[in-house]
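Structure at a glance
If you want the building blocks of each chain, they are given just below.
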Amino acid sequence: MDATKRPTGRKGRLPARAPLANPYVPFQLEDPPMYEPPKGLIRGTMYQGLDLPFMGMVNKRERNTTPKTQLQTLAFVIQELAMYLDTHRDDARALEMYREYQRRYHQCKMEYADTIGPMDHFSPGEGSYQWLDDPWPWEYCANKEA
Amino acid sequence: MFVYEKKLQYPVKIARPNPRLAALIISQYGGPDGELGASLRYLSQRYSMPFDELKGLLTDIGTEELGHLEMIGAIVHQLTRNMKDEQYRDPAFAPYFVDHTAGVYPTAASGFPWSAASMAVKGDPIADLTEDLAAEQKARVTYDNILRLSDDPDVNDVIKFLRAREVVHFQRFGEAIQLLREKLDRKNVYFMNPAMDI
């Protein structure tokens, strides 16, 4: 079986005849198997091969879909892909997915700004200065619906 | 520059205040393997990195660690809200309470305040990236230990997320070392310091 098509992508590539006295981590193969975004968020990684939990403790229940968890999910996919692309800049499929999620995030952030409030000082808005409106992200009530 | 986004990377909703547990979690805010040290380590090391992939990766992971610092702050804040008398009098929390009340202060669970001595910036990319591999492992073990100590499902939900991120970062730092090595002298990667000599 082709090593790149392993179902969980837990194996990577090491250099042949590697120089001595160096630290090695196998290179993650291109186009690795990924979770669906809501599952990736709760597992803490989009990559099945990097999901290595402690003593079988895993988050199973998906988050409720709120405008904020939608944004968090889209942002998480972009962030995970960005770090992958930092070391795999020529993976065309990852780049395509990164661009697609950038478009979705931008759209979602604009809708959030229109209906709930600004995500940052650069979101265009109208009316009163909503930036100060509660809740702030670290408060329980900002997260209780998630 | 940095721009604040008014959201956490991952939701933190702790139903039951528990200052005893907050006194342990605070170690990932300001302890030796905590998120403050992680973000400062990577965001400081990046200046002497010689190649684009290394500059980019340290910037991206260092920025994510700032988001984790905020999540740990949120856990500590929510665990110490609406405290009752007997909760702040708890001998496990009272020493923190006397100095910081319900504020969030960067300290280890042992009471040792955050110290730059818990991180390193050596100015040599192989040395710094090897430190980063170790740093991710130490943070991962701290989260393992928190999972052993805590039986609060709301806290553990967030800790499992943060722990998984350490594993991903370890992988990327390992790949970064390989990318670096490919650009160095094939016979002797220690021939010179690529932060200074190329």
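Everything quoted here is computed from the prediction, not taken from an experiment. (Residues numbered from 1 in each chain as written. Chains lettered and ligands numbered in written order. Predicted model: local features only at pLDDT ≥ 70, side-chain atom pairs only at ≥ 80, totals over all residues. Heavy atoms only, no water.)

Right, let's get into the interface of chain A and chain B. Listed by partner, the interface residues are 59 residues for chain A and 52 residues for chain B. Across the interface of chain A and chain B, roughly 4800 Å² is buried in total on both sides, 59% from carbon and sulfur atoms. Note that E53 of chain B and R89 of chain A form a salt bridge whose closest N and O atoms lie 4.0 Å from each other. If you look at where chain A meets chain B, you find 25 residue pairs in polar contact (both at pLDDT 80 or more). Counting residues per element, the ones that place at least two in the side of chain A that touches chain B are β2 (27–28), α1 (37–43), α2 (67–87), α3 (92–115) and α4 (140–143) of chain A. (Contact = heavy atoms within 4.5 Å. Buried area = accessible area lost by both parts, 1.4 Å probe. Salt bridge = Lys/Arg side-chain N within 4 Å of Asp/Glu carboxyl O. Polar contact = N/O pair within 3.5 Å; in protein donor to acceptor, adjacent residues only side chain to side chain. Helix = DSSP H or I, 4+ residues; strand = E, 2+ residues; numbered from the N terminus.)

Glancing now at the packing of helix α3 (residues 35–45) of chain B against helix α7 (residues 125–149) of chain B. Residue and element names in this part refer to chain B. Between α3 and α7, the shortest axis-to-axis distance is 11 Å and the interhelical angle comes to 165 degrees. Relative to α7, α3 is oriented roughly antiparallel. In this structure, the crossing between α3 and α7 has a hand that is left-handed. The segment α3 lies against α7, with E35, R41, Y42 and Q45 engaging D128, E131, D132, A135, E136 and Y143. Grouping the amino acids of the contact of α3 with α7 by side-chain chemistry returns three nonpolar, one polar and six charged. (Axes fitted to C-alpha atoms, helices over the stretch in contact; angles between N-to-C directions. Parallel < 35°, antiparallel > 145°, perpendicular 65-115°, else oblique. Left-handed = near helix turned anticlockwise from the far one by under 90°. Nonpolar A, V, L, I, M, F, W, Y, C, P; charged D, E, K, R; others polar.)

Going through the model one piece at a time under the given rule, you end up with two cavities of 30 Å³ or more. Taken as a whole, the largest cavity holds about 100 Å³ of empty space. What lines the largest cavity is a set of 14 residues, and nearest its centre among them are R43, D51 and P53 of chain A together with K160 and A164 of chain B. Here the element with the most residues in the lining of the largest cavity is helix α8 (residues 153–182) of chain B; it accounts for four residues. If you add up the space inside the second largest cavity, you get close to 70 Å³. Contributing to the lining of the second largest cavity are 13 residues, with D33, G34, A38, A135 and A139 of chain B lying nearest its centre. Contributing elements (two or more residues each) for the lining of the second largest cavity: α3 and α7 of chain B. The leading source of residues in the lining of the second largest cavity is α3 of chain B, at four residues. Taken together, the residues that form the lining of the second largest cavity break down as five nonpolar, two polar and six charged. (1 Å grid on protein atoms, 1.4 Å probe; cavity = no way out; pocket = protein on both sides within 12 Å on 5 of 7 lines; lining within 4 Å. Points joined across faces, edges and corners; volume = space filled by probe spheres on them.)

Keep in mind these values describe shape, not function.
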